[in-house]
Amino acid sequence: MMLTEDIADALYRDCSAFGIQVYRKGNIPKGEVTEPRVVILPKGQTPQTYWRKCFVEVNICVPDLADGRADLTQLGFFEHRAAEILDGQVGKFEDEFYRYSISSIGIEADEAMKCHYVNARILFEVLNC
């Protein structure tokens, strides 16, 4: 049965295509963001008739420029890459099929961590067998 940690594993593998460090819930470095990174945060899974659904926050963090402004060039690049990498994917884990796509995407700020980030909210669905 594919559960939230398995979902995080699948997204971790796919997010390696960004070419930057990928972190999962539980091993995220503390403190300010000093280099671009991906953070994967799975939420609870909800069973339904045909699919078990789970939302996952995938955040692509980009350090702010020296003057505190957002690096809009990098953020735009990663937002486009997220749309390519994280939307409309289908796969198989053990004997279960899954699919996922972007439910929403946008740019947010985190002043405490001195970064802005692309937030892609992913709807991850696992077929009930």
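Residues numbered from 1 in each chain as written. Predicted model: local features only at pLDDT ≥ 70, side-chain atom pairs only at ≥ 80, totals over all residues. Heavy atoms only, no water.

Participant: Quick question: what am I supposed to make of the overall build of the chain here?
Facilitator: Each helix and strand counted, the chain has two helices and six strands in total. Moving toward the C terminus, one meets the helices and strands of the chain in the order α-β-β-β-α-β-β-β. At 15 Å, the chain has a C-alpha radius of gyration in line with the 14 Å of a compact globule built from 129 residues. For the C-alpha atoms alone, the extent of the chain along its principal axes is close to 55 × 25 × 25 Å. Here the analysis covers contacts within the chain between residues at least 6 apart in sequence; of these, 56% occur between residues at least 24 apart. In the structure as shown, the chain presents an accessible area of about 7,200 Å², 50% of it carried by carbon and sulfur atoms. (Helix = DSSP H or I, 4+ residues; strand = E, 2+ residues; numbered from the N terminus. Rg over C-alpha atoms; globule rule 2.2 N^0.38 Å. Contact = heavy atoms within 4.5 Å. Areas by Shrake-Rupley, 256 points an atom, 1.4 Å probe, with all protein chains shown as cover.)

Participant: I keep staring at the pairing of strand S3 (residues 51-63) and nothing clicks. Help me out?
Facilitator: In regular strands, side chains alternate between the two faces of the sheet. The buried fraction of S3 amounts to ten of the 13 residues, a majority that puts the element mostly inside the structure. Once strand S2 (residues 37-47) ends, the chain turns through three residues before running back antiparallel as S3. (Buried < 20%, exposed > 50% of the residue type's maximum accessible area, 1.4 Å probe, protein only. Pairing = 2+ DSSP bridges.)

Participant: I keep staring at the pattern of salt bridges and nothing clicks. Help me out?
Facilitator: Pairing between side chains of opposite charge can happen when the charged atoms of each approach one another. All chains considered together, the criterion is met by nine salt bridges. Glu32 is the salt-bridge partner of Lys114, the closest N and O atoms lying 3.3 Å from each other. Taken together, the residues span a long stretch of sequence, with Lys114 in the loop between strand S5 (96-110) and strand S6 (115-127) and Glu32 in the loop between strand S1 (21-24) and S2 at a distance of 82 residues. Since its relative accessible area comes to 43%, Glu32 is described here as partly exposed. Two residues, Glu57 and Arg121, come together in a salt bridge whose shortest N-O distance is 3.6 Å. Taken as a pair, Glu57 in strand S3 and Arg121 in strand S6 lie far apart in primary sequence, 64 residues in all. (Salt bridge = Lys/Arg side-chain N within 4 Å of Asp/Glu carboxyl O.)

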